[in-house]
Amino acid sequence: MRRAITQRSLLWLASLVALVGAYTVVASLAQRPDVLPTTPEILQTFAALVVRGQPAPMDGMGDMHHMHHHHPGRSSDQVDTLVQQGVTLQDALGVSTLRVLFGLVVGLPLGMAIGVLLGWSRRTDDYLHPIYVLVRSVPPLALITYIMLWLGHSEAHRLIPIVYAVATTAVIPTYHSVRDVSARYLVAARSLGARGSLLVTKVLLPAASPAVLGGLRYAVAIAWMTAVGAEMLMAENGMGNLLVGGGMWSSRTQTRSDPAVIIAGVITLAAAGWAMDAGTRLLRARLTRWVR
Amino acid sequence: MVAVRVRRAVVALVALVLLYGIAAQALHGRLPDRIWMGSHYVDNIQLLPTWGSLAEEGVFLAESDILASSVLVSTRRVLAGLLLGSLVGIAIGLATGRARRFDAIADPWVTFFRFTPALALLPLYVVWFGYGELSKILLIASSVAVITLLGAHHGVRAVPRVYLDAAASLGASPRLAFRRVVLPYALPHIFASIRVATGLAWVTIVVAELIDAKMPSLGYLLALSGAYPRVPTMLIALATVGALVLAFDLIVLFVHARATRWMRRTS
């Protein structure tokens, strides 16, 4: 058994090393930093994005040149734009993480409430489920401009799509588990005299929590996807904005983007997503310790 | 029982239509029609267009063939991405589910793509494959592949050991066991993942089409109606995307039901 595990991790590591190695070789042979940046270049880009540059005075090429002199790491159109704006990788990641967390904190209870409402009574389900299906079918990112018309240029049109995406995904697992629970435990609890809020807090929510927390993993992934998409389209900060090189994509299609920045950003996002997923699994294991 | 449910659904949807109509009529002329767009004001905006103006706009979009051609182009892209992505995803997922060694080799890469929001790859694909069709289809394919891969993988892993032992003791070759035991068992998992992936494919295409803003496509219709802005067009485009997502979901459900007819259903 132990040998099998050792062999597995060896293969895992070998695969990682092999592909990174293969990429390094191909990229350095190709000599096309505008398409395939070499591994050292990607590492330098990381360094350039993590160290905060001096916010450059926006006058004249002389000053910009001066600034590059001080700044460590790589330089390209996109890196320069970001450094000039004082963007760092950790700041962008922090902003996006906050948006994702906001979406989860507001969207999950909302989605669970709707799920309980639909799962609780057959009658409400019959009336409201068709409407829920319609609402769920609209991709949250398509709503951005409409929200913007109502609420203006603000944080709202970045946060509402995330909340919307999280809420609509959280409904399903809650709905199904509440329905299952209704059939099994609710009758017993009712016959013992439990009713109202006691039923919800002591029977319904605990019994539904494993499924809901299982759905949480998917909700986290959706929240990240929506946050990055919203930031690419309409935001002045965050990881999505960093990927498209500072500024909304719609207004910057002509700018030459630097693949090294994008790769650095994608790696960061993957690491952040993985970390949050690990946190979710830990939370799930702790909260549902009583499940056999 | 079914009749009651259908009646209630119809009542709810009619109520929704009526409520929207009443709200739009009541607020007609009362909502601000002059909106600050970040750099300039735009006049004559109907934030909540009445059914009348929606119908007028709908007729225009239908008669000018804008809507139909947009639907066609976007649907073709989604279908191509779905097909490519799910073929690759399911093939790899079945392999990682069956072969432990291959699983160990593929795992770091599956983990990496799994936690990367697919939309983040869009700028990279644009650098690699240009603004054209290929980036969009590959982007959809990547997001679909990851999800179907996980679905197929977990489906194969969920096959009870007893079934495989039984098949082997009856003399089934690994190939036969795979075809007659593993694959049917994994099918519901695979279909569930395709349903999720279909929804995601539409989210992806809407954003991907905003990049290379070319008519006709639904993403561009949305972007353009947002840039003017022209709310009736925007709402019709939103509703069209929603209807397509719903239609695709129903098709996948239908195919799933057909493909697993032999299973006993509890509900």
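Note that the structure is predicted; figures quoted are calculated from it, not measured.

Asker: I'm lost on the overall build of chain B in this one. Help?
Answerer: Helix and strand counts for chain B come out as ten helices and two strands. The order of helices and strands in chain B, counted from the N terminus, is α-β-β-α-α-α-α-α-α-α-α-α. The globule rule puts the C-alpha radius of gyration for 267 residues at 18 Å, and the 23 Å found for chain B is more than 25% above it. Principal-axis analysis of the C-alpha atoms places the extent of chain B at approximately 75 × 55 × 30 Å. Relative to its 267 residues, chain B shows a buried fraction of 36%.

Asker: Please explain the overall build of chain A as it appears in this structure.
Answerer: Along the backbone of chain A there are eleven helices and zero strands. Beginning at the N terminus, the succession of helices and strands in chain A can be written as α-α-α-α-α-α-α-α-α-α-α. Here chain A, with 292 residues, has 39% of them falling under the buried criterion.

Asker: Whenever I open this one, the environment of Leu82 of chain A confuses me. Can you help?
Answerer: Following the sequence through the fold, Leu82 of chain A ends up in helix α4 (residues 77–84). For the pair Leu82 of chain A and Arg52 of chain A, spaced 30 residues apart in sequence, the C-alpha to C-alpha distance is 9.9 Å.

Asker: Looking at this structure, I do not really get the interface of chain A and chain B. What am I missing?
Answerer: A common way to report how large an interface is uses the accessible area buried once the components associate. Residue-level contacts link 47 residues of chain A with 47 residues of chain B. At the level of elements, α1 (2–30), α6 (122–137), α7 (144–151), α9 (197–234) and α11 (259–287) of chain A are the ones that each hand at least two residues to the side of chain A that touches chain B. Here the side of chain A that touches chain B takes ten residues from α11 of chain A, the largest share from any one element. Taken together, the residues of the side of chain A that touches chain B sort by class into 33 nonpolar, eleven polar and three charged.

Asker: Can you walk me through helix α6 (residues 133–157) of chain B in this structure?
Answerer: Count 3.6 residues to each turn of an α-helix, and residues three or four apart come out pointing the same way. Here α6 of chain B spans 36 Å end to end across 25 residues, near enough to the 36 Å set by a 1.5 Å rise per residue. Of all 25 residues that make up α6 of chain B, 21 are buried, and the element is covered over most of its length.

Asker: Sorry, what's going on with the nonpolar core here?
Answerer: Generally speaking, soluble globular proteins have nonpolar side chains that are buried together. Grouped together as the largest cluster of nonpolar side chains are 124 residues, with contacts concentrated most on Val166 and Ala223 of chain A together with Val206 of chain B. In contact with Val206 of chain B, not counting residues within four places along its chain, are Pro139, Leu141 and Ala142 of chain A together with Leu218, Gly219, Leu222 and Val241 of chain B.

Asker: Whenever I open this one, the packing of α6 of chain B against helix α8 (residues 174–211) of chain B confuses me. Can you help?
Answerer: The description of two helices packed together rests on the angle between their axes and the distance between the axes. All names here are of chain B. It is the contact of α6 with α8, at a shortest axis distance of 7 Å, that shows an interaxial angle of 155 degrees. With respect to α8, the axis of α6 lies roughly antiparallel. In the crossing of α6 with α8, the sense of the turn from one axis to the other is right-handed. By residue class, the composition of the contact of α6 with α8 is 19 nonpolar, eight polar and two charged.

Asker: So what exactly am I meant to see when it comes to the confidence of the model for chain B here?
Answerer: All names here are of chain B. On average, residues of chain B score 88 in pLDDT, and 97% of them reach the 70 mark or higher. Across chain B, helix α3 (residues 66–98) holds the top mean pLDDT of 94, while strand β1 (residues 35–36) sits lowest at 74. Complex prediction metrics read pTM 0.87 and ipTM 0.88.

Asker: Sorry if this is basic, but what is going on with the confidence of the model for chain A here?
Answerer: The predicted structure's coordinates, where accompanied by low pLDDT, should not be read in detail. Residues and elements named next belong to chain A. Of all residues in chain A, 87% have pLDDT values of 70 or greater, and the mean over the chain is 82. The lowest-confidence element of chain A is helix α3 (residues 60–70), averaging 43 in pLDDT; the highest-confidence one is helix α5 (residues 89–120), averaging 92. Scored below 50 in pLDDT, residues 56–70 shows nine contacts in the model against residues more than four places distant or in partner chains.

Asker: Quick question: what am I supposed to make of the packing of α8 of chain B against helix α9 (residues 218–227) of chain B here?
Answerer: All names here are of chain B. Closest axis-to-axis distance for the α8/α9 pair is 7 Å, and the angle between their directions is 65 degrees. Considered as vectors, α8 and α9 are oriented roughly perpendicular to each other. Note that α8 runs across α9; the crossing there is right-handed. Counted together, Ile205, Val206, Ala208, Glu209 and Leu210 of α8 and Leu218, Gly219, Tyr220, Leu222 and Ala223 of α9 form the full contact between these two elements.

Asker: Is there a simple way to explain the environment of Gln7 of chain A in this structure?
Answerer: Residue and element names in this part refer to chain A. Looking at the secondary structure, you find Gln7 in helix α1. By C-beta crowding, Gln7 is classed as partly exposed, having 13 other C-beta atoms within 10 Å. With 238 residues separating them in the primary sequence, Gln7 and Gly245 have C-alpha atoms 42 Å apart.

Asker: Mind showing me how you'd approach helix α10 (residues 231–259) of chain B here?
Answerer: When the terminal C-alpha atoms of α10 of chain B are compared, their 42 Å separation across 29 residues agrees well with the 42 Å that a helix rising 1.5 Å per residue should span. For α10 of chain B, every residue scored as buried is listed here: Val231, Pro232, Thr233, Met234, Ile236, Ala237, Leu238, Thr240, Val241, Val245 and Phe248 of chain B.

Asker: Quick question: what am I supposed to make of unusual backbone geometry here?
Answerer: For residues that are not glycine, phi is negative in most cases, and the peptide bond is trans in most cases. Despite not being glycine, Gln31 of chain A shows a phi value in the positive range, around 55 degrees. If you trace the backbone, Gln31 of chain A turns up in the loop between α1 and α2 (39–50). For Asp65 of chain B, which is not glycine, the phi torsion reads 70 degrees and is therefore positive. By the secondary structure assignment, Asp65 of chain B is in the loop between α2 (51–63) and α3. Using a count of 11 C-beta atoms within 10 Å as the deciding quantity, one classes Asp65 of chain B as exposed.

Rules of the game
Residues numbered from 1 in each chain as written. Chains lettered and ligands numbered in written order. Predicted model: local features only at pLDDT ≥ 70, side-chain atom pairs only at ≥ 80, totals over all residues. Helix = DSSP H or I, 4+ residues; strand = E, 2+ residues; numbered from the N terminus. Rg over C-alpha atoms; globule rule 2.2 N^0.38 Å. Buried ≥ 20, exposed ≤ 12 C-beta atoms within 10 Å, placed from the backbone. Contact = placed C-beta atoms within 7 Å. Nonpolar A, V, L, I, M, F, W, Y, C, P; charged D, E, K, R; others polar. Expected span 1.5 Å × (residues − 1). Core = buried A, V, L, I, M, F, W, Y, C linked by C-beta atoms within 7 Å. Axes fitted to C-alpha atoms, helices over the stretch in contact; angles between N-to-C directions. Parallel < 35°, antiparallel > 145°, perpendicular 65-115°, else oblique. Left-handed = near helix turned anticlockwise from the far one by under 90°. pLDDT = per-residue confidence, 0-100.

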